[in-house]
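Structure assessment
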Amino acid sequence: MNVLDIQISDVALKWFKEEFGLKRGDMVKFYSQIYGTSPIQQSFALGFSKDNTPVNMAVSTEIDGITFYIEESSEWFFDGHDFSVDYNEKNDEIEFTYNKSKNRCFN
């Protein structure tokens, strides 16, 4: 597995609910996209969209009945990093933080 954990802050959750009109049972997919920037993958960035029809969910977390997930096809992007989502009120934008897990176990 290339990503271990997805964390969504309370303010990011509020932003997603307001921007996407999310309700219980809805889902948000995080995915890799070419022609962007990120601190962990050169020439790739992270995108997101409301997507209630996952194909092959690799990792997910549920908060207030809303599922945030990454599919297997985008799992490579995270390269063993945990993933946190926050909202920057000053810049009025979602921010991503990637932390290499130190507690990784291999089977």
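Use the structure listed above.
The following refers to the structure shown. Position numbers for residues start from 1 in each chain and track the written sequence from start to end. At least 70 in pLDDT is required for a residue's local features to be given in this predicted model, at least 80 for side-chain atom pairs to be given and counted, and no such filter applies to totals for whole chains, interfaces and linings, which use all residues. To get the side-chain values, take all heavy atoms of the structure and skip hydrogens and water.

**A few points about the overall build of the protein chain**
Secondary structure counts use DSSP, requiring at least four H or I residues in a row for a helix and at least two E residues in a row for a strand, with both numbered from the N terminus. The helix and strand tally for the protein chain stands at 1 helix and 7 strands. What you see in the protein chain, going N to C, is helices and strands ordered as β-α-β-β-β-β-β-β. Counting only residues that meet the buried cut, the protein chain has 38% of its 107 residues in that class. Across the protein chain, every contact between residues at least 6 apart in sequence was considered, and the portion connecting residues at least 24 apart equals 55%. Surface accessibility follows the Shrake-Rupley procedure with a 1.4 Å probe radius. Residue values consider only the protein chains on display as shielding. Carbon and sulfur atoms make up 44% of the accessible area of the protein chain, which amounts to about 6600 Å² in all. For every residue, the accessible area obtained with a 1.4 Å probe (protein chains only) is divided by the maximum for its type, and the residue is called buried under 20%, exposed over 50%, and partly exposed between those limits. Throughout, a contact is declared for two residues whenever any of their heavy atoms are within 4.5 Å.

**Some points on the packing of aromatic side chains**
A pair of Phe, Tyr and Trp rings is counted when the ring centres sit within 6.5 Å of each other, with Trp represented by its six-membered ring. The angle between the planes then sorts it: under 30 degrees is stacked, over 60 is edge-to-face, the rest tilted. For the structure on display, the rule yields 16 aromatic pairs. With centroids separated by 6.2 Å and ring planes inclined at 90°, the aromatic side chains of phenylalanine 16 and phenylalanine 30 adopt a geometry described as edge-to-face. You can see phenylalanine 16 sitting in helix α1 (residues 10-20) and its partner phenylalanine 30 sitting in strand β2 (residues 27-34), a full 14 residues away along the chain. Neither residue differs from the other here; phenylalanine 16 and phenylalanine 30 are each classed as buried. Here a set of aromatic residues connected by ring pairs shows up, and it is made of Trp15, Phe16, Phe20, Phe30, Phe48, Phe68, Phe83, Tyr87, Phe96 and Tyr98.

**Observations regarding the sheet that holds strand β7 (residues 93-100)**
Strand-to-strand pairing in sheets goes through backbone hydrogen bonds, with the strands running parallel or antiparallel. With respect to topology, 3 strands assemble into an open sheet ordered β1-β6-β7, the strand pairing being mixed. Every interior strand has two partners, whereas the edge strands, β1 (6-8) and β7, have only one. The sheet shows a mean angle of 20° between the axes of neighbouring strands, direction not considered. By the bridge criterion, 8 bridges tie strand β6 (residues 81-88) to β7 in an arrangement that is antiparallel. Residue aspartate 86 lies in a different strand from β7, and its bridge partner there is glutamate 95. The sheet contacts of α1 involve β1, β6 and β7, and relative to β6 the element is tilted by about 70°. By definition, two strands form a pair when at least two bridges between them are found by DSSP. Inter-axis angles, ranging from 0 to 180 degrees, are taken between N-to-C directions of lines fitted to C-alpha atoms, where helices are fitted over the stretch in contact.

**Let's talk about the nonpolar core**
Here the nonpolar core consists of buried residues drawn from Ala, Val, Leu, Ile, Met, Phe, Trp, Tyr and Cys, with membership extended through side-chain atoms lying within 4.5 Å. Within the largest apolar cluster, 20 residues are counted, with the highest numbers of intra-cluster contacts made by Ile8, Phe16, Phe30, Phe68, Phe83 and Val85. Looking at this core, the elements that each hand over two or more residues are β1, α1, β2, β5 (66-71), β6 and β7. Counting residues per element, this core draws most heavily on α1, at 4 residues.

**Details of a negative patch on the surface**
Patch membership requires more than 30% relative accessible area and the absence of a salt bridge. Residues of like charge join within 9 Å; the nonpolar side chains Val, Leu, Ile, Met, Phe, Trp and Tyr join within 5 Å. Between Lys or Arg on one side and Asp or Glu on the other, a salt bridge is scored when a side-chain nitrogen of the former is within 4 Å of a carboxyl oxygen of the latter. Neither His nor the chain ends is counted toward charge; the positive residues are Lys and Arg and the negative residues Asp and Glu. The atoms used to mark charge sites are NZ of Lys, CZ of Arg, CG of Asp and CD of Glu. A cluster of like negative charges, contributed by Glu19, Asp86, Glu89, Asp92, Glu93 and Glu95, occupies part of the molecular surface. Judged by relative accessible area, aspartate 86 falls into the partly exposed class, the value being 35%.

**Some remarks on unusual backbone geometry**
One non-glycine residue, aspartate 64, lies in the positive phi region at around 50°. As for its placement among the helices and strands, aspartate 64 is situated in the loop between β4 (57-63) and β5. Aspartate 64 sits in the partly exposed class, given a relative accessible area of 43%. Non-glycine residue aspartate 92 carries a positive phi angle of around 50°.

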